[in-house]
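# Analysis of the macromolecular model
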Amino acid sequence: MSNNTDKSGRLALWLLLWFAIALAIRLTHLAAKPAWMDEVATTLFSLGNASRMIPLNQVISLEQILRPLQITPGATAGDVILHLLAEDNHPPTYFVLAHWWMSLFPGEQGYASLWAERALPAIFGALAVPATYLLGWLSFRSRSVGLICAALMAVSPFSVFLSQEARHYSLAILAVIASLCCFVVAVQALQQHRALNWRTVLIWVMINVLGLTIHYFCGLTLIAEGLTLLVMLIRQCWVGPQRRRFDLKEGLRSPWLRIYSAAAGTLAGALLWLPILLNFYGSPQTSFLKPGSKDWQYWINPIVQSLAGWLYAVLSPVTRGYSWQAVVVIVVSCVVLLVYAIWLVATLKNTLKFQLTQPQFRPGMQAMGGFFIMANVLFLLICYGLDFDITRGHRYSFVFFPSILILVGIGLAPLWSSPQTPATQLSDYQTDTDNRRFSQVKLPFGKRTISGRAFVALVIGVGFISSQIIVNNLSNLKFYQADRLIRLIQADSTLPVVMATQAVVTDQPSVIGIEIMSVAWEIERNFNPDSPVHRWEVPPRFVIAENNVAKNIDPKAQLSLSLATVARPFDLWLLGFSPDMQDKNCTMPTGKGGNKGSFGYVHYICRS
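Just so we're clear, the structure is a prediction, and the values are computed from it rather than from any experiment. (Residues numbered from 1 in each chain as written. Predicted model: local features only at pLDDT ≥ 70, side-chain atom pairs only at ≥ 80, totals over all residues. Heavy atoms only, no water.)

Along the polypeptide, Arg320 turns up in the loop between helix H14 (296-311) and helix H15 (324-356). Buried within the structure, Arg320 lacks any salt-bridge partner; its nearest side chain of opposite charge belongs to Asp483, at an N-O separation of 7.8 Å. A distance of 3.3 Å separates a polar atom in the side chain of Arg320 from a polar atom in the side chain of Tyr322. Within the local environment of Arg320, its side chain forms a polar contact with the side chain of Asn473, the two groups lying 3.0 Å apart. Not counting chain neighbours up to four residues away, the residues in contact with Arg320 comprise Ile330, Asn473, Leu474, Ser475, Asn476, Lys478, Phe479 and Gln481. (Helix = DSSP H or I, 4+ residues; strand = E, 2+ residues; numbered from the N terminus. Buried < 20%, exposed > 50% of the residue type's maximum accessible area, 1.4 Å probe, protein only. Lys, Arg positive; Asp, Glu negative; His and termini not counted. Salt bridge = Lys/Arg side-chain N within 4 Å of Asp/Glu carboxyl O. Polar contact = N/O pair within 3.5 Å; in protein donor to acceptor, adjacent residues only side chain to side chain. Contact = heavy atoms within 4.5 Å.)

Here you go:
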């Protein structure tokens, strides 16, 4: 009894340590990186505001364009839901939670605090550490495996990346982990030909439906789980000697009826959101997922992006830098981590193959491995079948991300076993020979080896270094950099600045102006015109020109009418919008169009 208590105490201390490390990493430099347009959308909705607060088709000030990011006294959770469903394509649970969270913070000069908005996802990201331990333990009934998985989550660069964004992905990861916990318990029950208890079925349904209210793509997690279970059902229906007879009655036994009940309950909850989903399908907010022409990139990009997304779970090279020294660092970083990745995959291939021979680990590995495969097959079917490249940006990998860490964790587990482990402490299926087999790992070059424990520590260490690359903004995972665009505008503008963009307005819900609003928010936060050190001759002004095909409203015409009220001369910067303005007595300096900080721009000088 005392021994079990000691073990539980040590386990709690280790989990607390990894949770603290995870939270510290995720809170580091939390507000240092500029907000990008999706974070702007999250912030304005969580405040109970709407993007339509911004006037269209007129020249407006910095304060006017940032009105949706100002704290609105008296805004309620009802306002959050109302504006969100009217303009955006996301379910409301996270935004309501963020609204309550943001009410605890006074804001910064009347505007929302970016630090506060990002702190909530950071906390959810840290909570994924004990949640991942639970998933690892349920999958393999091993505390050491669970702790390795928890450590991997704590330092995972992909988790840190999502946890430092004012978005709902880190909460969605918690929902995915919770659903996978029920899923792996269900797989184990089915393999033992016993029925899930009704309490587990009910909890599973509630978690699945809640996940859909956090992010609709949690539905892809559920479909991947369902496909994995379908394969298992088909295999169990093959009965008799050498499984030569297919008997559907096997699928009508009590264990499977409980699975059908869970599926039916989940489907019923999902159908409640179907009308909203259909209203958004094909809206301008999903157009970025549509690929261009079906050239070679159309076929290659989803595969390459998927592979990169898997690797980002445990490592991240330096990929951002602009000086020649930075380029050298980028090249060295990518080469070193490529060698490391090959070494890691080769090592995991051997250990995972061994772990599959262990009867106590096989059900969990089949569940997690099958789920991972099905999820990625589903992603590729969406990419090539529906022409929606959901591998872009890697964010949507949250759908299956926890399963990667669980598989890496069980693969590292035999390497952690000490060669001095007494035979009495080995599992029933593990021999002393097996223990010695993984006590050493050969280095990529030469004949030297390191201990298995050193290799596990190296994997966690590389994860930690990679997390620091993320928090210090040395990776292109966060590719929108409004500060770089602003510096360019300041350097190349000698006249008063007007920034303009278009807003596509249709009968479907859409958020307007969030890209240019992200630039304006960065100006307010770090390039404030009221400060003389920031080199604005006069505060910049903004125009959002309406593009409404149904009402025959042309954005160039609206922009021209708006600019007619501005005293000339001035510098005009068009963002994500490139009408020819030369007929309006605006000239384009040579080479003054391009991309900066992932913002497409065109620069004109408009004179009298």
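That was the structure; now back to the text.
This part covers the nonpolar core. In this structure, Phe183, Trp204, Phe398 and Leu412 are the most contacted members of the largest nonpolar core, which totals 119 residues. Ranked by residue count, the leading element in this core is helix H9 (residues 169-191), at 17 residues. Residue contacts for Trp204: discarding those within four places in its chain leaves Ser179, Cys182, Phe183, Ala186, Leu196, Glu225, Leu229, Ile259 and Ala262. Counting 46 residues, the second-largest nonpolar core is a separate cluster that includes Ile60, Leu62, Leu69 and Ala503. (Core = buried A, V, L, I, M, F, W, Y, C linked by side-chain atoms within 4.5 Å.)

Moving on: the state of the cysteines. Enumeration according to the criterion identifies 1 disulfide in this entry. Covalent S-S linkage joins Cys586 and Cys606, the inter-sulfur distance amounting to 2.0 Å. Taking the sign of the S-S torsion, about 110 degrees here, the bridge from Cys586 to Cys606 comes out right-handed. Of the two residues, Cys586 sits in strand S9 (residues 586-587) while Cys606 sits in strand S11 (residues 599-606), which places them 20 residues apart along the sequence. (Disulfide = S-S within 2.5 Å.)

Moving on, we come to helix H16 (residues 362-385). Counted at 1.5 Å a residue, the expected span for H16 with its 24 residues is 34 Å, and the 33 Å between its end C-alpha atoms agrees. Looking at the residues trailing H16, positive phi occurs at Asp387, about 60 degrees. (Expected span 1.5 Å × (residues − 1).)

Okay, unusual backbone geometry next. The linkage connecting Arg568 with the following residue, Pro569, adopts the cis geometry, with an omega of 5 degrees. You can see Pro569 is positioned in the loop between helix H22 (555-563) and strand S8 (570-575). Unusually for a residue other than glycine, Asn57 sits at a positive phi of about 60 degrees. Phi is positive for Asn585, which is not a glycine, with a value near 65 degrees. The residue Asn585 is located in the loop between S8 and S9 in this model.

Burial analysis of strand S7 (residues 541-547) places 6 of its 7 residues in the buried class, the great majority of the element. Examined bridge by bridge, strand S1 (residues 59-60) and S7 share 2 bridges and lie antiparallel to one another. The residue bridging Val59 from the neighbouring strand is Val543, located in S7. By the bridge criterion, 7 bridges tie strand S6 (residues 497-504) to S7 in an arrangement that is parallel. Pairing of Ala500 across the sheet is with Val543, part of S7. (Pairing = 2+ DSSP bridges.)

Here we take up the pattern of salt bridges. It is possible for side chains bearing opposite charge to pair when their charged atoms get close. Taken as a whole, this structure holds 9 salt bridges when the rule is applied. Of the charged contacts, one joins Glu39 and Lys478 as a salt bridge, the two residues approaching to 3.0 Å between their closest N and O atoms. Here the residue Glu39 occupies a position in helix H2 (residues 37-46), and Lys478 occupies one in the loop between helix H19 (452-471) and helix H20 (482-492), the gap between them amounting to 439 residues. Here the two residues Glu39 and Lys478 agree in accessibility, since each one is buried. A salt bridge links Arg487 to Asp483; the nearest nitrogen and oxygen atoms lie 3.2 Å apart. One end of the pair, Arg487, and the other, Asp483, are both in helix H20, 4 residues apart, so they sit about a helical turn from each other.

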